[in-house]
Amino acid sequence: MKQPTWSMDEMVHTLSVAAMMLCAACITACSNSEDMRFPPYDNTEEVQAFWKSKPEFFQWKSPADIPADLNWENGADVPEFGDPAAKKGGTFHDYHPTYPPTFRFVGPDGSNTFRGEHRDNVEIGLITRHLDQETWIPGMAKEWAISADRKTVYFRLQDTLTYSDGTPIEVEDFFMTFFVMTSPHLKDPWYNDWYTKEYAGITKFDEKTFSVTIPEPKPDPIWYAILPPAPQHFFREFGPDYPARYQWRICPATGAYVIDSDLLKRGRSITLRRVKDWWARDLKHYRYIYNVDFIEYKIIASQDKAFEMFRQGQLDYFLGGLPRYWYDKAEIPEIYNGYIERHMFYNEFPQITWGIRLNESKPPLDNLDVRIGINYAMNFQKVIEVDFRGDKTRMQSPFSGFGKFTNPDLRARPFDPVKAREHFAAAGYTQQGPDGILQNSSGQRLSFTLTTFNSGTITPIMLRLKEEAKKAGLEIKVEGLDSTQLYKKLDQKNHELAFAGFGAQPPYPRFWDDYASENAFKTGEDGKREVVTDTHNITQTADPMLDPIIEQHRKAQTEDEVQRLSWQLAKLIEDRACTIPAWESPFYRYLCWRWVRWPATGNARQSREPLDAHMFWIDEDVKRETKQAIRDGRSFGEVLRVFDTYRKDK
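Because the structure is predicted, anything quoted here is derived from the model rather than measured.

*Asks:* When you look at the overall build of the protein chain in this model, what are you seeing that I'm missing?
*Replies:* Each helix and strand in the protein chain was counted, giving 19 helices and 28 strands. For 650 residues, the compact-globule estimate of 2.2 N^0.38 gives 26 Å, and the C-alpha radius of gyration of the protein chain, at 25 Å, lies within 12% of that figure. Over its C-alpha atoms, taken along the principal directions, the protein chain stretches across nearly 80 × 75 × 55 Å. Taken over 650 residues, the protein chain has a buried fraction of 58%. For the protein chain, contacts bridging at least 24 residues in sequence account for 75% of all contacts bridging at least 6. As presented, the protein chain carries roughly 25,800 Å² of accessible surface, and 49% of it is formed by carbon and sulfur atoms. Counting 82 positive and 94 negative side-chain charges, the protein chain places the averaged centre of each group 3 Å from the other.

*Asks:* Looking at this model, I keep getting lost on the pairing of strand β25 (residues 587–593). Mind explaining?
*Replies:* Successive residues of a regular strand alternate their side chains across the two faces of the sheet. Most of β25 is tucked away, with 7 of its 7 residues classed as buried. Residues Phe 587, Arg 589, Leu 591 and Trp 593 of β25 are buried on one face, and the alternating residues Tyr 588, Tyr 590 and Cys 592, pointing to the opposite face, are buried as well. In this structure, strand β13 (residues 340–346) lies alongside β25, joined through 7 bridges in antiparallel fashion. For Ile 340, the partnering residue across the bridge sits in β25 and is Trp 593.

*Asks:* Whenever I open this one, unusual backbone geometry confuses me. Can you help?
*Replies:* Peptide bonds are, in most cases, trans, and in most cases residues other than glycine have a negative phi. Omega for the peptide link from Pro 363 to Pro 364 comes to 5 degrees, which places this bond in the cis form. By secondary structure assignment, the location of Pro 364 is in the loop between β14 (355–358) and α11 (368–377). For the bond running from Pro 506 to Pro 507, omega is 15 degrees, close enough to zero to count as cis. One non-glycine residue, Arg 389, lies in positive phi territory at about 55 degrees. The topology assignment puts Arg 389 in the loop between α12 (380–387) and β15 (393–394). Phi angles above zero are rare outside glycine, and Ala 577 is one such case at about 60 degrees. As for its position among the elements, Ala 577 is in the loop between α18 (559–576) and β23 (579–581).

*Asks:* Even after reading the chapter, I still don't get the sheet that holds strand β10 (residues 269–274), so can you show me in this structure?
*Replies:* Across a sheet, paired strands are connected by hydrogen bonds in the backbone, their directions being either parallel or antiparallel. Read across the open sheet, the 4 strands follow the order β2-β11-β10-β9; overall the sheet is mixed. Either end of the sheet is taken by a strand with one partner, and the two such strands are β2 (91–96) and β9 (257–259). Across the sheet, the mean angle separating the axes of adjacent strands is 25 degrees when strand polarity is ignored. One ladder, built from 3 bridges, connects β9 with β10; its direction is antiparallel. Bridged to Tyr 257 within β10 is Arg 274.

*Asks:* Teacher, can you tell me more about the nonpolar core here?
*Replies:* The nonpolar side chains of a soluble globular protein tend to be buried with one another. Counting residues in each nonpolar core, the largest one holds 182 residues, and the members touching the most others are Phe 235, Ile 374 and Met 378. Of all the elements, helix α4 (residues 171–181) adds the most residues to this core, at 8 residues. Excluding residues within four positions of it along the chain, Met 378 makes contact with Ile 356, Phe 415, Leu 465, Ala 469, Leu 474, Ile 476 and Ile 580.

*Asks:* Mind showing me how you'd approach the packing of helix α2 (residues 44–52) against α4 here?
*Replies:* For any two helices packed against each other, the geometry is given by the interaxial angle and the distance between the axes. The geometry of α2 relative to α4 is characterised by a closest axis approach of 10 Å and an angle of 85 degrees between their N-to-C directions. Classified by the angle between their axes, α2 and α4 sit roughly perpendicular to one another. Every residue of α4 that contacts α2 at Glu 46, Val 47, Phe 50 and Trp 51 is listed here: Glu 172, Phe 175, Met 176, Phe 178 and Phe 179. Taken together, the residues that form the contact of α2 with α4 break down as 7 nonpolar, no polar and 2 charged.

*Asks:* What should I look at first to understand the sheet that holds strand β1 (residues 58–60) in this one?
*Replies:* As summarised here, the arrangement of the 5 strands in space is β1-β7-β8-β6-β5, forming an open sheet in which the pairing is mixed. Pairing within the sheet leaves two strands with one partner each, and these edge strands are β1 and β5 (141–146). In this sheet, adjacent strand axes meet at a mean angle of 20 degrees when their direction is disregarded. Relative to strand β7 (residues 201–204), β1 is paired through 3 bridges, and the arrangement is parallel. The residue of β7 that forms the bridge with Gln 59 is Thr 203. Helix-sheet contacts for α4 involve β1, β6 (152–157), β7 and β8 (209–213), and the interaxial angle to β7 is about 160 degrees.

*Asks:* Any chance you could explain the confidence of the model for the protein chain here in plain terms?
*Replies:* Low-pLDDT stretches of the model should not have their predicted coordinates read in fine detail. For the protein chain, per-residue confidence averages 92 on the pLDDT scale, and 94% of positions sit at 70 or higher. Counting interchain partners and residues more than four positions distant, the pLDDT-below-50 stretch residues 1–34 has 108 contacts.

*Asks:* How do you make sense of the packing of aromatic side chains when you look at a structure like this?
*Replies:* For any two aromatic rings, the description comes down to two numbers: the centre-to-centre distance and the angle of the planes. Tallied over the entire structure, the rule returns 66 aromatic pairs. Aromatic side chains Phe 235 and Phe 238 sit 6.3 Å apart centroid to centroid with 75 degrees between the ring planes, which places their arrangement in the edge-to-face category. According to the relative accessible area criterion, Phe 238 is buried, its value standing at 0%. Between Tyr 346 and Phe 587, the aromatic rings sit 5.3 Å apart at their centres with planes inclined by 65 degrees, giving edge-to-face as the arrangement. Of this pair, Tyr 346 sits in strand β13 while Phe 587 sits in strand β25, placing them 241 residues apart in sequence. In terms of burial, Tyr 346 and Phe 587 fall into one category: buried. Positioned above the aromatic ring of Trp 72, the side-chain terminus of Arg 156 is 3.9 Å from the ring centre. Between the NZ or CZ atom of Arg 594 and the centre of the ring of Phe 636, over which it lies, the distance is 3.6 Å.

*Asks:* Can you walk me through the environment of Thr 353 in this structure?
*Replies:* With respect to the secondary-structure elements, Thr 353 resides in the loop between β13 and β14. Among residues more than four places away in sequence, those in contact with Thr 353 are Met 395, Pro 398, Ala 500, Gly 501 and Phe 502.

*Asks:* Which parts of the structure should I look at to understand the side chain of Arg 104?
*Replies:* Mapped onto the elements of the fold, Arg 104 is located in the loop between β2 and α3 (115–120). Of the side chains with opposite charge, Asp 109 lies nearest to the buried Arg 104, which makes no salt bridge, at 5.5 Å. Within polar-contact distance, the side chain of Arg 104 engages the backbone oxygen of Val 106 at 2.7 Å. At a separation of 2.8 Å, a polar atom in the side chain of Arg 104 contacts the main-chain carbonyl oxygen of Pro 108. If sequence neighbours within four positions are ignored, Arg 104 has contacts with Gly 110, Asn 112, Tyr 242, Pro 243, Tyr 246 and Gln 247.

*Asks:* So what exactly am I meant to see when it comes to the pattern of salt bridges here?
*Replies:* Across all of its chains, the model carries 48 salt bridges by this definition. The partner of Lys 87 in a salt bridge is Asp 619, and the shortest N-O contact between them spans 3.1 Å. Pair noted here: Lys 87 is in the loop between β1 and β2 and Asp 619 is in the loop between β27 (617–618) and α19 (620–632), with a separation of 532 residues, a long-range link. Glu 237 is the salt-bridge partner of Arg 249, the closest N and O atoms lying 3.3 Å from each other. With Arg 249 in the loop between α7 (242–245) and β9 and Glu 237 in the loop between α6 (222–225) and α7, this residue pair connects regions lying 12 residues apart in the sequence. Per residue, the accessibility class of Arg 249 equals that of Glu 237, and both read buried. One salt-bridge network, in which partners are shared between bridges, spans Arg 129, Glu 134, Glu 348, Arg 605 and Lys 648.

Procedures and definitions
Residues numbered from 1 in each chain as written. Predicted model: local features only at pLDDT ≥ 70, side-chain atom pairs only at ≥ 80, totals over all residues. Heavy atoms only, no water. Helix = DSSP H or I, 4+ residues; strand = E, 2+ residues; numbered from the N terminus. Rg over C-alpha atoms; globule rule 2.2 N^0.38 Å. Buried < 20%, exposed > 50% of the residue type's maximum accessible area, 1.4 Å probe, protein only. Contact = heavy atoms within 4.5 Å. Areas by Shrake-Rupley, 256 points an atom, 1.4 Å probe, with all protein chains shown as cover. Lys, Arg positive; Asp, Glu negative; His and termini not counted. Charge placed at Lys NZ, Arg CZ, Asp CG, Glu CD. Pairing = 2+ DSSP bridges. Axes fitted to C-alpha atoms, helices over the stretch in contact; angles between N-to-C directions. Core = buried A, V, L, I, M, F, W, Y, C linked by side-chain atoms within 4.5 Å. Parallel < 35°, antiparallel > 145°, perpendicular 65-115°, else oblique. Nonpolar A, V, L, I, M, F, W, Y, C, P; charged D, E, K, R; others polar. pLDDT = per-residue confidence, 0-100. Phe/Tyr/Trp six-rings, centres within 6.5 Å; stacked < 30°, edge-to-face > 60°. Lys NZ or Arg CZ within 6 Å of the ring centre and 35° of its normal. Salt bridge = Lys/Arg side-chain N within 4 Å of Asp/Glu carboxyl O. Polar contact = N/O pair within 3.5 Å; in protein donor to acceptor, adjacent residues only side chain to side chain.

Here you go:
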């Protein structure tokens, strides 16, 4: 399953210690380069044959073949990202609720909840989006240009460019990406499809210059052309046993941080180290971010335990999205005296799509009236008012936060037991049992299992929804799993109802991933319809009327066309009632010890969570000052910093 980023905040941080220890027990003490369980393997000849088999796709040309009329850009006039006041050094202590099932970032379980920490939030792309400006800035490429037909993007790599292990990054590493991502050995259908359909070719002109071509023009083709490299030396053993062979291998990084194998404590902690002599350390936009030397993630299943460790100074930072941590547990001397500070930052980023997904392939969820009735039976407004004390708002659409591409006319169905019963009756559920639960003429109860996180935060919310649903004659049985088990079940499409949150990425809503028929079913060898596993279509939506519109959206060439189709698709999906939006927030909140410093602006406008942009740093002088003040009983005064520059309702 593709996860541009599985995004789990503090609301799912109470997970199973048993699963954590199981992951640890399964890890062998192998190095990145050697594992005696597997025989030697070298795919060099396979790779060369693969490239030669597609001469129209993989091309090698000369610099003279580069169009002379290209307008090369380098972002030189873009304001610098980061704060010059930032200091380098120190160790940042954070936590994660469970040990990851793998260090792979693709393939089975590759999109796990730790992937953002060691991959998505630290890797540097060919070029990257400035998180405060609507523009591109250099990354691995120092210059770029777009062809007149908006189908080809040209890149010139930085003069000095290496992976975290010191190996130079080569143009052929981007060619290697297609060998890996389109291979059935990957065991990841989303990537197989994306890299097969979304690219038309890649061309090398010299050791630093290459181009990527896409099949159709796009409003901004750069979004599609910025490939990640696949280090040839690392993937040299990529073959049929890839998922097992690479389970715990650490891929060399292009970014500032890489997992430090020497500091790994299996099942207890994972530490990232800043890459020595990182190629971008002195470059504009990068010299004032990625500041700390080490980032340690302790594995702590209990969020309450993590908060106590934070209060003791064993952790430097704690997300404060939940009211009990922002209000109740904030009534402590460490906050009154200003040793711990509170921050609230209004951001602009596509929202995590918290909500309930209904599996249309599980009868009677294939009945539209049943699905609509369930929508009306979910009292998310009470959850917002009681559990979140009004700090959240109702998410009106699972495609929220995409600016002009979000349909402003959509409204989530409110809690209405009367309307719910009307739709249940239309589906044949007209008789009420002695416990108040509806049933049909065959005696089938209106009962479903809601699978979600086994979390001290999420479980009470689900139980509240369960009690409220009874008012509509609906029985909800709550099933709590740890995050790895949950996403595995969703990958296999074995759920009825599922509550989870998925991250979205700009610039546009992506409908093909979640709602295209080919991501729900396929025709098996026996001619029968089979479930397609390991995709994002966990509602198992398969609508021949939606598919051509989704394909139009996927191939749209102008932003006006993208907007029109986004609005149309969002409305059609709302009409299907297969996704029930839960809540959203225009800000994030966090607590940190005062030695954790942030830019004067607070953070990046387009950051989903506080640590994503890596703009923070540790001030060792302030740390010593704070610890001395604690010993002396000296107060700095309570501190609450609110950064509302990007607040919409000011």
